[in-house]
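# Coordinate inspection notes
Read off the chains here:
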There are 2 protein chains.
Amino acid sequence: MNRNDQSTNIVSKLRDLLGDGGVLTSPEDIAPYERDNALKSSGQAICVVRPSDTAGVSDVLRACTEAEVNVIPRGGGTGLSGGAVPRPDDRAVILSLDRMRKVRMIDVVGDVLVVDAGITLFEAREAALKAGRTIGLDHGGSGSSQVGGNLGTNAGGNNVLRYGMARDQVLGLEWVLPSGEIIGPPSELRKSNAGYDLRHLLVGSEGTLAVITGVALKLRPAPLTTATALMSVDTPAKALELLGLAREIFGETVSAFELMSEGALAFHSAHVLRKPIVPLGSPWTALVECDSSSRFFDLDGAFASFLERALESGIVSDGALASSTAQRAAFWSLREGIPQAMHAAKIPIVRTDVAVPIRAIPEFAERIKTLSIQRIPGGHPVFFGHVGDGNIHFNFLPPDDMNSDDFRARMPEIYRIVEDAALLFGGTISAEHGIGQTKCDALTRMKSAKEIELMGAIKSVFDPLRILNPNKVILQ
Amino acid sequence: MNRNDQSTNIVSKLRDLLGDGGVLTSPEDIAPYERDNALKSSGQAICVVRPSDTAGVSDVLRACTEAEVNVIPRGGGTGLSGGAVPRPDDRAVILSLDRMRKVRMIDVVGDVLVVDAGITLFEAREAALKAGRTIGLDHGGSGSSQVGGNLGTNAGGNNVLRYGMARDQVLGLEWVLPSGEIIGPPSELRKSNAGYDLRHLLVGSEGTLAVITGVALKLRPAPLTTATALMSVDTPAKALELLGLAREIFGETVSAFELMSEGALAFHSAHVLRKPIVPLGSPWTALVECDSSSRFFDLDGAFASFLERALESGIVSDGALASSTAQRAAFWSLREGIPQAMHAAKIPIVRTDVAVPIRAIPEFAERIKTLSIQRIPGGHPVFFGHVGDGNIHFNFLPPDDMNSDDFRARMPEIYRIVEDAALLFGGTISAEHGIGQTKCDALTRMKSAKEIELMGAIKSVFDPLRILNPNKVILQ
């Protein structure tokens with residue numbers, strides 16, 4: 001049987017299982033499912049399947065296993081490593097969970113939210129908020145990214161220094177093996193030591209081991225008070241001093257600590273805002289946020305003390321506290337607008353996702369900045385990111401007078417500089433975006449051959465035919 | 001070669017590797033290593049090896065792999081499921097890390113503590129405290145239990161509702177495979193998505209996959225203020241109302257919420273204190289603690305409001321706030337003394353480690369109490385534990401007029417009642433003590449056959465010869 005016959009067969013089988021509405025085949029219907037925020041596929045989607053429940057996911061996987069057809073599970077498509085995008089040589093069924101978006105249960109006694117994996121993070125957060133609760137995960141893509149995808153990639157975002165990564169929000173999972181077997185429902189327990197923790201193995205496995213269909217998430221009390229400040233600092237070292245001061249004064253309530261270089265804000269200003277940004281004039285700007293869910297936390301007093309001490313001690317040269325919700329949103333849009341500007345600008349850009357131990361940030365930042373400019377003089381290094389958890393995104397823009405093709409050809413040199421420096425400081429070049437298909441080679445530099453061998457063997461345990469998101473994370 | 005020759009050979013080989021001081025062989029030297037807090041081994045330890053560094057652990061494991069001799073890794077021996085104790089039919093080398101207890105590094109900028117796995121939890125906490133930091137893990141056995149053992153068993157304890165389990169304190173691990181290969185050093189990163197999370201697979205695997213030798217732990221700011229109260233409640237349902245009120249008032253700063261039944265305190269009083277306990281007279285006593293590392297948290301105001309509202313609304317009938325550090329310690333010793341009393345009393349006791357979704361606690365507690373007394377009239381049900389995370393320890397003491405042998409023979413009936421009820425409510429009978437050797441059968445009721453099959457296959461990936469802590473967690 002040739003490939004086209006096989007495709008026709010599996011499509012017809014999937015239609016039988018899911019009905020016409022559950023299977024998309026026309027190129028225009030499929031196109032939105034063939035890309036993420038980093039890559040457009042040059043591979044081929046046989047079709048897109050959209051089951052409406054876990055049993056449907058099971059049916060799809062069983063049928064694809066029987067036909068030995070590859071399956072790529074997919075969330076909201078906001079990934080940044082091509083993890084949900086067919087590889088150039090791949091032909092696969094794309095499994096979208098975008099019809100599985102129910103809130104299954106919310107329990108404010110035990111603070112548990114159980115959802116279908118296809119719900120967007122924004123919708124899940126809204127459901128929690130209605131009950132006076134929040135989820136300890138938030139990031140720029142929350143409007144379209146799905147909870148299942150957030151877990152598949154172990155998303156990070158803006159509150160990691162307080163609440164941890166996506167994995168740290170999970171009580172239990174419901175999941176489906178490539179064979180179609182369903183493991184579930186999601187455990188709602190906060191304590192359960194019953195054998196190996198398969199949950200944490202699935203989280204961050206980027207859809208290569210099983211398909212997550214249901215999730216029990218921890219809820220936390222929603223903040224009653226929030227304070228957000230922009231503060232000007234001269235160097236990353238000063239930013240770390242400021243972080244220390246914030247911890248000393250706010251204690252457990254520090255919820256975000258972001259840092260932006262002047263170049264990052266200038267780029268944002270030029271490409272998106274098209275107007276000057278007020279804090280410009282300082283080489284670095286920190287965004288500090290703290291919030292509390294107790295009305296007995298004196299946020300005003302704490303912030304006044306914070307600003308006073310930061311100014312007095314010379315850690316910061318200037319600082320502004322958001323005086324309204326609108327101003328708070330404006331502060332955050334400065335930060336969130338930077339990656340949007342990178343996206344909007346029609347130029348090639350070196351975009352990285354590095355993390356190093358927090359104490360190493362100043363030396364690391366100086367090193368990659370210096371080496372990058374030495375390598376491509378006139379290029380523009382920009383920094384922005386989550387300094388509070390060591391994850392400083394470094395981007396490098398072409399010199400004003402270099403054409404795009406020339407720069408594109410030289411981008412790997414800069415990637416290598418950043419990679420080498422990150423590894424030198426005990427860091428990673430995949431802090432929160434995952435490996436997907438773009439960083440499989442990099443993985444071999446971050447992990448030992450033995451670790452990768454173990455990962456490959458684990459892949460075989462879950463997916464012996466290797467039909468699930470093949471050649472992602474680990475090359476086969 | 002017969003068994004004794006084999007033993008002589010491996011002992012001699014291990015002596016060559018570690019020197020005389022690193023290998024214990026006399027029965028009196030070995031005896032302390034053949035038991036934990038639940039079991040005394042009737043199996044046989046060939047010898048106890050005590051390497052002084054990671055290379056030594058690697059040497060031991062390589063030698064044992066070559067000789068195909070079983071190895072049981074061991075922490076402080078405070079386990080409660082026989083996980084570190086040779087099975088009746090086992091002959092094994094016991095690998096103790098009690099000579100590996102260095103603090104390798106402390107970083108207060110990034111809030112990271114890197115230690116040898118053999119350090120006790122108490123010593124690690126002291127090192128953190130000296131730097132103004134704390135570790136989000138504490139439990140009754142901290143004085144002798146080791147950090148490596150805490151991670152091997154994913155220990156729980158008193159602060160889970162705030163900080164999570166032992167696994168949630170870990171940034172990275174250094175570990176040694178049965179083949180002797182070393183994976184390390186421990187990552188200090190707060191964000192790193194680089195392939196499958198082998199760290200979380202090792203945590204909670206009870207030494208069956210690899211030996212943890214080094215750990216990078218998250219540090220948190222040490223509390224500046226702590227408030228601890230004992231409060232009398234009539235029912236577990238009222239206790240949950242009190243938990244809700246505590247969350248409403250204290251927000252993120254609630255750090256412990258323990259509940260003790262009158263019977264538990266009476267037993268403690270009779271067997272350890274040998275004097276009456278003050279809060280007696282109420283059917284249930286809650287221990288509520290909250291702390292903050294910010295001086296801008298108005299703890300006194302919050303606690304006054306908490307007591308007032310709890311009394312006004314009739315949730316509690318009485319309450320006392322600890323007025324000194326000594327009184328705080330006294331409150332905690334009421335709670336911690338209960339399991340100590342169980343240990344001290346020379347009678348057979350049904351001791352369980354169940355967790356259910358928090359909202360189910362009242363119904364669950366009522367059910368197991370009623371069914372147990374129906375089954376063995378005159379028996380004494382007692383409850384104590386971490387209600388804030390759903391983990392209520394239920395123990396059942398023999399009727400006053402029943403002899404020990406008769407009761408011992410009937411204990412499995414009570415265990416079964418508790419197990420059935422826990423599973424009925426979506427709970428677990430291994431909340432924080434692990435599976436070890438005593439709960440392997442129970443595991444098969446808590447997890448599906450497919451999950452156990454996957455765990456078995458993962459075991460084979462890490463330990464193909466199955467020499468590492470054999471027949472623990474999963475029977476081979």
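In this report, the structure presented in the accompanying data block is examined. Note that the coordinates shown come from a computational prediction; the quantities given were computed from them, not determined experimentally.

This paragraph deals with the packing of helix H8 (residues 236-250) of chain A against helix H10 (residues 299-312) of chain A. Residue and element names in this part refer to chain A. Closest axis-to-axis distance for the H8/H10 pair is 10 Å, and the angle between their directions is 150°. The handedness of the crossing between H8 and H10 is right-handed. Residues Leu242, Leu245, Ala246, Glu248, Ile249 and Phe250 of H8 pack against Ala302, Phe303, Ser305, Phe306, Arg309 and Ala310 of H10. Here the residues of the contact of H8 with H10 sort into 9 nonpolar, 1 polar and 2 charged.

Turning to the relation of the copies chain B and chain A, a few remarks are in order. After a rotation of 180° and a shift along the axis of 0.0 Å, chain B superposes on chain A with an RMSD of 0.0 Å. Expressed as an axis order, the relation between the two copies is that of a two-fold axis. Closest to the rotation axis within chain B is the C-alpha of Phe297(B), separated from it by 2.2 Å. The share of interface residues of chain B whose copies in chain A are also at the interface is 100%, consistent with both copies meeting through the same surface.

Before going further, it helps to examine the interface of chain B and chain A. Tallying the contact residues gives 88 residues for chain B and 89 residues for chain A. Between chain B and chain A, roughly 6800 Å² of surface is buried when both sides are summed, and carbon and sulfur atoms account for 60% of that area. Its largest share of buried area at the contact with chain A, chain B owes to Lys191(B), Asn193(B) and Tyr196(B), together 16% of the area lost on that side. Summed over the shared surface of chain B and chain A, the result is 16 salt bridges. There are 40 residue pairs in polar contact (both at pLDDT 80 or more) connecting chain B and chain A. Going through the elements one at a time, strand S5 (103-107), helix H6 (160-163), helix H7 (198-202), helix H8 (236-250), strand S14 (284-292), helix H10 (299-312), helix H14 (440-446) and helix H15 (449-462) of chain B are the ones with two or more residues in the side of chain B that touches chain A. The element contributing the most residues to the side of chain B that touches chain A is H15(B), with 9 residues. Residue composition of the side of chain B that touches chain A, by class: 36 nonpolar, 28 polar and 24 charged.

The next point concerns the pairing of strand S14 (residues 284-292) of chain A. Residue and element names in this part refer to chain A. Taking burial as the measure, the 9 residues of S14 include 9 buried ones, the bulk of the element. Alternating residues of S14 divide into Trp284, Ala286, Val288, Cys290 and Ser292 and Thr285, Leu287, Glu289 and Asp291, and every residue in both groups is buried. Sheet topology places strand S12 (residues 225-233) next to S14; 9 bridges connect them, and they run antiparallel. Across the sheet, Val233 pairs through a bridge with Trp284, a residue of S14.

This brings us to the pattern of salt bridges. By the definition in use, this model includes 61 salt bridges over all chains. Among the salt bridges present, the one from Lys191(A) reaches Asp389(B), with a minimum N-O distance of 3.3 Å. Here Lys191(A), found in the loop between strand S9 (182-183) and helix H7 (198-202), pairs with Asp389(B), found in the loop between strand S17 (380-386) and strand S18 (391-397), and the two come from separate chains. Just as Lys191(A) is buried, Asp389(B) falls in that class too. A cluster of three or more residues bridged by salt bridges with shared partners is formed by Lys102(A), Arg104(A), Asp116(A) and Glu174(A).

What counts and how
- Residues numbered from 1 in each chain as written.
- Chains lettered and ligands numbered in written order.
- Predicted model: local features only at pLDDT ≥ 70, side-chain atom pairs only at ≥ 80, totals over all residues.
- Heavy atoms only, no water.
- Axes fitted to C-alpha atoms, helices over the stretch in contact; angles between N-to-C directions.
- Helix = DSSP H or I, 4+ residues; strand = E, 2+ residues; numbered from the N terminus.
- Left-handed = near helix turned anticlockwise from the far one by under 90°.
- Contact = heavy atoms within 4.5 Å.
- Nonpolar A, V, L, I, M, F, W, Y, C, P; charged D, E, K, R; others polar.
- Least-squares fit on C-alpha atoms with pLDDT ≥ 70 in both.
- Buried area = accessible area lost by both parts, 1.4 Å probe.
- Salt bridge = Lys/Arg side-chain N within 4 Å of Asp/Glu carboxyl O.
- Polar contact = N/O pair within 3.5 Å; in protein donor to acceptor, adjacent residues only side chain to side chain.
- Buried < 20%, exposed > 50% of the residue type's maximum accessible area, 1.4 Å probe, protein only.
- Pairing = 2+ DSSP bridges.

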